[in-house]
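Observations on the model geometry
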Amino acid sequence: MSHRDASAGVPSSSSAGGGRVRQRRRSSEVPQEVNKANGGGAHLLIDDKSKYKSMWTRIRSSVWMIGGFAFIIYMGHLYIWAMIVVIQIFMAMELFNLGRRAHEDRHLPGFRLLNWHFFFTVMLYVYGRFLSRQLVNTVTSDKFLYQLVSGLIKYQMFICYFLYIAGIVCFILTLKKRMYKYQFGRFAWTHMILFVVFAQSSFTVGNIFEGIFWFLLPASLIVINDIAAYFFGFFFGRTPLIKLSPKKTWEGFIGASVTTIISAFVLANVMGRFQWLTCPRKDLSTGWLYCDPGPMFKPKYYSLEGWLPDWFPWNEVSVLPVQKHALALGLFASSIAPFGGFFASGFKRAFKIKDFGDSIPGHGGITDRMDCQSWADGDGCVFLHLLSVIHCNSKHFC
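Residues numbered from 1 in each chain as written. Predicted model: local features only at pLDDT ≥ 70, side-chain atom pairs only at ≥ 80, totals over all residues. Heavy atoms only, no water.

1. Observations concerning the nonpolar core
What counts is decided by this rule: By nonpolar core we mean a set of buried residues, namely Ala, Val, Leu, Ile, Met, Phe, Trp, Tyr and Cys, connected to one another through side-chain atoms within 4.5 Å. Remark: exposure states derive from per-residue accessible area (1.4 Å probe, protein chains only) relative to the maximum for the residue type, with buried under 20%, exposed over 50%, and partly exposed in between. Numbering of helices and strands runs from the N terminus; a helix is a DSSP stretch of H or I covering at least four residues, while a strand is a stretch of E covering at least two.
The biggest cluster of nonpolar side chains holds 58 residues, and the ones touching the most others in it are Ile80, Ile84, Tyr127, Phe213, Phe215 and Leu217. Residue assignment for this core shows that the elements contributing at least two residues are α4 (77-97), α6 (111-130), α10 (180-208), α11 (212-236), α12 (250-271) and α14 (322-351).

2. Focus on the packing of aromatic side chains
Geometrically, a pair of aromatic rings is defined through the distance of the ring centres and the angle of the planes. Let me state the cut-off plainly: Centres within 6.5 Å make a pair out of two Phe, Tyr or Trp rings, where for Trp the six-membered ring is used; the pair is then stacked when the planes are under 30 degrees apart, edge-to-face when over 60, and tilted otherwise.
Applying the stated rule across the entire model yields 24 aromatic pairs. With a centroid separation of 5.7 Å and an interplanar angle of 70 degrees, the aromatic rings of tyrosine 74 and tryptophan 288 are classed as edge-to-face. With tyrosine 74 in helix α3 (residues 45-75) and tryptophan 288 in the loop between α13 (275-278) and β3 (300-303), this pair connects stretches of sequence that are 214 residues apart. Overall, tyrosine 74 belongs to the partly exposed group, its relative accessible area being 48%. Here phenylalanine 213 and tryptophan 214 contribute two aromatic rings whose centre-to-centre distance is 5.4 Å and whose plane-to-plane angle is 90 degrees, an arrangement assigned as edge-to-face.

3. Re the side chain of threonine 249
Heads up, the condition is: Only heavy atoms matter for contacts: two residues are in contact if any of them lie within 4.5 Å across the pair.
Summarising the element assignment, threonine 249 is placed in strand β2 (residues 245-249). When sequence neighbours within four positions are dropped, the list of residues in contact with threonine 249 reads Gly233, Gly237, Arg238, Thr239, Pro240 and Leu241.

4. Looking at a nonpolar patch on the surface
Applicable threshold: Two distance rules govern patches: like charges are joined within 9 Å, and nonpolar side chains (Val, Leu, Ile, Met, Phe, Trp, Tyr) within 5 Å, applied only to residues with over 30% relative accessible area and no salt bridge. Computed by Shrake-Rupley with a 1.4 Å probe, the accessible areas treat only the displayed protein chains as cover when residues are assessed. The working definition used for a salt bridge is a side-chain nitrogen of Lys or Arg within 4 Å of a carboxyl oxygen of Asp or Glu.
A surface patch of nonpolar side chains, about 790 Å² in accessible area, is lined by Trp250, Ile254, Val258, Ile262, Phe265, Val266, Val270, Phe274 and Leu327. The element contributing the most residues to the nonpolar patch is α12, with seven residues. Positionally, leucine 327 belongs in helix α14. Owing to a relative accessible area of 34%, leucine 327 belongs among the partly exposed residues under this scheme.

5. Remarks on the packing of α12 against α14
Formally: Axis lines are fitted through C-alpha atoms, for helices just across the contact stretch, and the angle between N-to-C directions can take any value from 0 to 180 degrees. The cut-offs work like this: below 35 degrees is roughly parallel, past 145 is roughly antiparallel, 65 to 115 is roughly perpendicular, and the gaps in between are oblique. For a crossing to be left-handed, the near helix must be turned anticlockwise from the far one by less than a right angle; the clockwise case is right-handed. Throughout this entry, Asp, Glu, Lys and Arg are counted as charged residues, while Ala, Val, Leu, Ile, Met, Phe, Trp, Tyr, Cys and Pro are counted as nonpolar. The remaining residues, Gly among them, count as polar.
The contact between α12 and α14 brings their axes to 8 Å, and the two run at 150 degrees. Comparing the axis directions of α12 and α14 gives the class roughly antiparallel. Regarding α12 and α14, the two cross each other, and that crossing is right-handed. Here Phe253, Ser257, Thr260, Ile261, Ala264, Phe265, Ala268 and Asn269 of α12 lie close against α14, whose contacting residues are Val322, Gln323, Ala326, Leu327, Gly330, Leu331, Ala333, Ser334, Ser335 and Pro338. Considering only residue class, the contact of α12 with α14 consists of 11 nonpolar, seven polar and no charged.

6. Considerations on empty space enclosed by the protein
The cut-off we apply is this: With a 1 Å grid laid over protein atoms only, a set of points is called a cavity when a 1.4 Å probe fits there but cannot get out and a pocket when it is open yet has protein on both sides within 12 Å along at least five of seven lines; lining residues have an atom within 4 Å of a point. Grid points are joined across faces, edges and corners, and a volume is the space filled by probe spheres set on the points.
Per the counting criterion, the structure on display carries one cavity of 30 Å³ or more. The calculated volume of the largest cavity comes to roughly 40 Å³. At the level of secondary structure, the elements contributing two or more residues to the lining of the largest cavity comprise α6 and α10. Take the lining of the largest cavity: its biggest share by element is four residues, from α6. For the lining of the largest cavity, a count of residues per class yields five nonpolar, three polar and no charged.

7. A short note on the packing of α4 against α6
Interhelical geometry of α4 versus α6 gives an angle of 150 degrees and a closest axis separation of 12 Å. What the angle tells us is that α4 and α6 run roughly antiparallel. Considering how the two elements wind past one another, α4 and α6 form a crossing that is right-handed. Contacts from Trp81, Ile84, Val85, Gln88, Ile89, Ala92, Met93, Phe96 and Asn97 of α4 reach α6 at Arg112, Asn115, Trp116, Phe119, Phe120, Met123 and Tyr127. In terms of residue class, the contact of α4 with α6 is built from 12 nonpolar, three polar and one charged.

8. Overview of the state of the cysteines
Quick reminder of the rule: The definition used for a disulfide is geometric: two cysteine sulfur atoms within 2.5 Å.
Counted by the stated rule, this structure contains one disulfide. Note on cysteine connectivity: cysteine 279 is disulfide-linked to cysteine 291, with sulfurs 1.9 Å apart. Because the torsion about its S-S bond is -95 degrees, the bridge between cysteine 279 and cysteine 291 counts as left-handed. With cysteine 279 in the loop between α13 and β3 and cysteine 291 in the loop between α13 and β3, this pair connects stretches of sequence that are 12 residues apart. A relative accessible area of 27% means that cysteine 291 is categorised as partly exposed.

9. What to know about the side chain of serine 220
Applied cut-off: Two N or O atoms count as a polar contact when they lie within 3.5 Å, although within protein this holds only if one can serve as hydrogen donor and the other as acceptor, and sequence-adjacent residues are included solely when both atoms are side-chain atoms.
Within the secondary structure, serine 220 sits in helix α11. What makes serine 220 buried here is its relative accessible area of 15%. For serine 220, the side chain forms a polar contact with the main-chain oxygen of leucine 216, separated by 2.7 Å. Contacts of serine 220, omitting those with residues within four sequence positions, involve Leu267 and Met271.

10. Re α14
The criterion, for reference: Expected span of a helix: the number of residues minus one, times 1.5 Å. Note that the bend at a residue is defined as the angle between axes fitted to the seven residues ending at it and the seven residues starting at it.
The first and last C-alpha atoms of α14 sit 42 Å apart over 30 residues, in line with the 44 Å expected at 1.5 Å per residue. Its axis deflected by about 30 degrees at alanine 333, α14 carries its strongest bend there. Lysine 352 sits one or two positions beyond α14 and adopts a positive phi of about 60 degrees.

Here it is as structure tokens:
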């Protein structure tokens, strides 16, 4: 508060007959004694209260998000895909609004609509490529729908190319004098958003229909890494990690890495024993799946005799082959995923904003929560698949 604001509404010493006015101390002011007791104001009690209030707001939002996420996972492949599409739309909405100028947009009617034209054109191309087999298998019982869908898939690339060229033509026709730089800047910005939103998450959708396991494990590890980094940094953080994110600490990074790797080994064992998580989905139906688990999900038993005392209740331990790959994925998620957050932090600093949005209390926008996911989840799924292929080839399982 400035001196002018602080003195507003208070009579001066010369007014009211020159009587001296005694000012009451405001409740928001902190006595100097408290300042000294708290290290010169570095860790004020009021700041601590705000800090813990923010933490509880963040925890409540996280509980709601995790609960909703678990429910969607329970519903199955199609609902997970729908969730990803909704997330992509919200991310695009938040990113489209960055750098937008209201004055220029008023003189460009339909320019926002053109951005969404490119967005849904790319969505049609990407998901048409990834889900064509499942779509055809879904309509095989109806001859007319089968022929219609087969024809659309056959000419899908041509249709998407035509839609994209139509968008280019419309963009050129909307160019106006003295606004060329702004329009081409927004055009480039739109294509960068399409890359950021679709490049990783689209591969994630492809992995979902190969088995929810391949989506759920990497996504869970990134969430665990984010939560662990927050709590380790909150309680033990002392050493700054990177200038882009002043609140990130080495203690949080290392603690989250260890937690993520251990969680990867344990979660792979738990998730790998449920067929509805490991079975691939061949169509777009929503029923439960039953299949013969592959060699990576068949447990191997190792004896513990001679390693542990006789009174120990377990004589052997069962390990799934996929758990070995999960360790590598845990290391990948704990070392690569944080750089998605660092990238987003640099992005926000460039635009001088705190968050991409305010749709999630305590977290910011959808993009703020999906920065690590969009950076590492798609790569993590592909990375885990590559490991599985290497394992199959080396052991002659496939």
